[in-house]
Amino acid sequence: SIVSDVWEETMQATELDNAAVGGFVSMGSAGRQETCGLVDFSNATSLPAASISATEDGILNATEWENSFAWLPPTTMKLLIDGGNHAQFGSYDDSERIFVFNQTDGVATIPPEEQWDSVVATIYEVAQLTELILPTLPTDKPSSAPSVATTAPPASTASHIVSPTCWVW
């Protein structure tokens with residue numbers, strides 16, 4: 001896939017070529033240098049980026065998520081979905097996670113569709129900043145959105161609201 005090709009090129013580089021990446025979104029994940037290798041976007045001040053977590057995510061370590069911002073651009077949108085959990089970043093049965101990884105996710109207090117809408121909107125916003133040609137998001141959906149706690153980006157990006165899953169352009 002294109003994502004794995006870009007990731008492979010990044011991992012093989014002696015220096016990160018920020019020009020090879022147009023945007024970055026992580027969902028329910030924290031990049032760690034000891035496992036991901038050279039992944040340092042901290043100097044990529046024009047790289048559109050977002051990192052999304054959820055208040056009921058029992059899988060992602062909150063401290064590791066906070067620490068991962070050291071490797072992300074200073075303008076990265078930090079999004080915490082109130083009531084979401086780890087499993088709702090996708091759509092899967094996480095019941096075997098307990099036996100395989102000894103991990104237990106939190107119990108979501110919002111429907112999956114609300115979390116998915118927030119995630120899709122965030123990916124879409126970051127993708128728009130990469131100047132990709134994108135389809136129009138449907139407007140016939142209910143306007144109810146989950147309560148979201150965010151850390152505001154610097155004033156220069158305030159109008160752009162913007163795993164282990166990461167989307168890289």
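None of these values were measured; they are calculated from a predicted model.

## Quick word on the packing of aromatic side chains
Phase 1: Using the criterion set out here, one finds two aromatic pairs in the structure.
Phase 2: Ring plane angle 50° and centroid distance 5.3 Å describe the contact between Phe 24 and Phe 41, whose orientation is recorded as tilted. Of this pair, Phe 24 sits in strand β1 (residues 24-27) while Phe 41 is found in the loop between α2 (33-36) and β2 (49-54), placing the two residues 17 residues apart along the sequence.
Phase 3: Take Phe 24: its relative accessible area is 5%, and that puts it in the buried class.
Phase 4: When the ring of Trp 65 is compared with that of Phe 69, the centres are 5.3 Å apart and the planes differ by 75°; the resulting orientation is edge-to-face. There is no split in this pair, since Trp 65 and Phe 69 are both buried.

## Re the environment of Gln 115
Phase 1: Mapped onto the fold, Gln 115 is located in helix α5 (residues 112-129).
Phase 2: Overall, Gln 115 belongs to the buried group, its relative accessible area being 0%.
Phase 3: In sequence terms Gln 115 and Ala 54 are 61 residues apart; their C-alpha atoms lie 8.7 Å from each other.
Phase 4: When sequence neighbours within four positions are dropped, the list of residues in contact with Gln 115 reads Ala 54, Ile 81, Gly 84, Asn 85, Gln 88, Phe 89 and Ile 110.

## So, α5
Phase 1: In this model, α5 (18 residues) spans 26 Å end to end at C-alpha, consistent with the 26 Å of a helix rising 1.5 Å per residue.
Phase 2: Among the residues making up α5, those that are buried are Gln 115, Ser 118, Val 119, Thr 122, Ile 123, Tyr 124, Val 126 and Ala 127.
Phase 3: Immediately downstream of α5, the backbone of Glu 131 shows phi near 65°, a positive value.

## Notes on the confidence of the model for the protein chain
Phase 1: Chain-level statistics for the protein chain give a pLDDT mean of 74 and a share of 64% at 70 or above.
Phase 2: pLDDT under 50 marks residues 142-169. Its contacts with residues more than four places away, or in other chains, come to 72 contacts.

## So, the nonpolar core
Phase 1: The biggest cluster of nonpolar side chains holds 13 residues, and the ones touching the most others in it are Val 25, Met 27, Ile 52, Ile 81, Phe 89 and Val 119.
Phase 2: Taken together, the elements giving at least two residues each to this core come down to β1, β2, β3 (77-81) and α5.
Phase 3: Phe 24, Phe 41, Phe 69 and Leu 72 belong to the second-largest nonpolar core, a separate cluster that totals 11 residues.

## Looking at a nonpolar patch on the surface
Phase 1: Residues Ile 98, Phe 99, Val 100 and Phe 101 make up a contiguous nonpolar surface patch of about 470 Å² in total accessible area.
Phase 2: Within the fold, Phe 101 resides in helix α4 (residues 97-101).

## Brief notes about the pattern of salt bridges
Phase 1: Inspection of every chain in the model, using the stated rule, returns one salt bridge.
Phase 2: With a closest N to O distance of 2.7 Å, Lys 78 and Glu 66 form a salt bridge. Pair noted here: Lys 78 is in strand β3 and Glu 66 is in helix α3 (residues 62-67), with a separation of 12 residues, a long-range link.
Phase 3: Taking the relative accessible area as the measure of exposure, Glu 66 reaches 38% and is therefore partly exposed.

## What to know about the pairing of β3
Phase 1: With four of its five residues buried, β3 lies for the most part within the structure.
Phase 2: Here β2 pairs with β3 via five bridges, running parallel. Counted as the bridge partner of Ala 54 is Ile 81 from β3.
Phase 3: Regarding the hand of the β-α-β motif, the stretch spanning β2, α3 and β3 is right-handed.

## Some remarks on the environment of Asn 102
Phase 1: Along the chain, the position of Asn 102 falls in the loop between α4 and α5.
Phase 2: As a C-alpha pair, Asn 102 and Ile 59 span 43 residues in sequence and 10.0 Å in three-dimensional space.

How each quantity is defined
- Residues numbered from 1 in each chain as written.
- Predicted model: local features only at pLDDT ≥ 70, side-chain atom pairs only at ≥ 80, totals over all residues.
- Heavy atoms only, no water.
- Phe/Tyr/Trp six-rings, centres within 6.5 Å; stacked < 30°, edge-to-face > 60°.
- Helix = DSSP H or I, 4+ residues; strand = E, 2+ residues; numbered from the N terminus.
- Buried < 20%, exposed > 50% of the residue type's maximum accessible area, 1.4 Å probe, protein only.
- Contact = heavy atoms within 4.5 Å.
- Expected span 1.5 Å × (residues − 1).
- pLDDT = per-residue confidence, 0-100.
- Core = buried A, V, L, I, M, F, W, Y, C linked by side-chain atoms within 4.5 Å.
- Patch = residues over 30% accessible without salt bridge, like charges linked within 9 Å, V, L, I, M, F, W, Y side chains within 5 Å.
- Areas by Shrake-Rupley, 256 points an atom, 1.4 Å probe, with all protein chains shown as cover.
- Salt bridge = Lys/Arg side-chain N within 4 Å of Asp/Glu carboxyl O.
- Pairing = 2+ DSSP bridges.
- Right-handed = clockwise from strand over helix to strand, strands pointing away.

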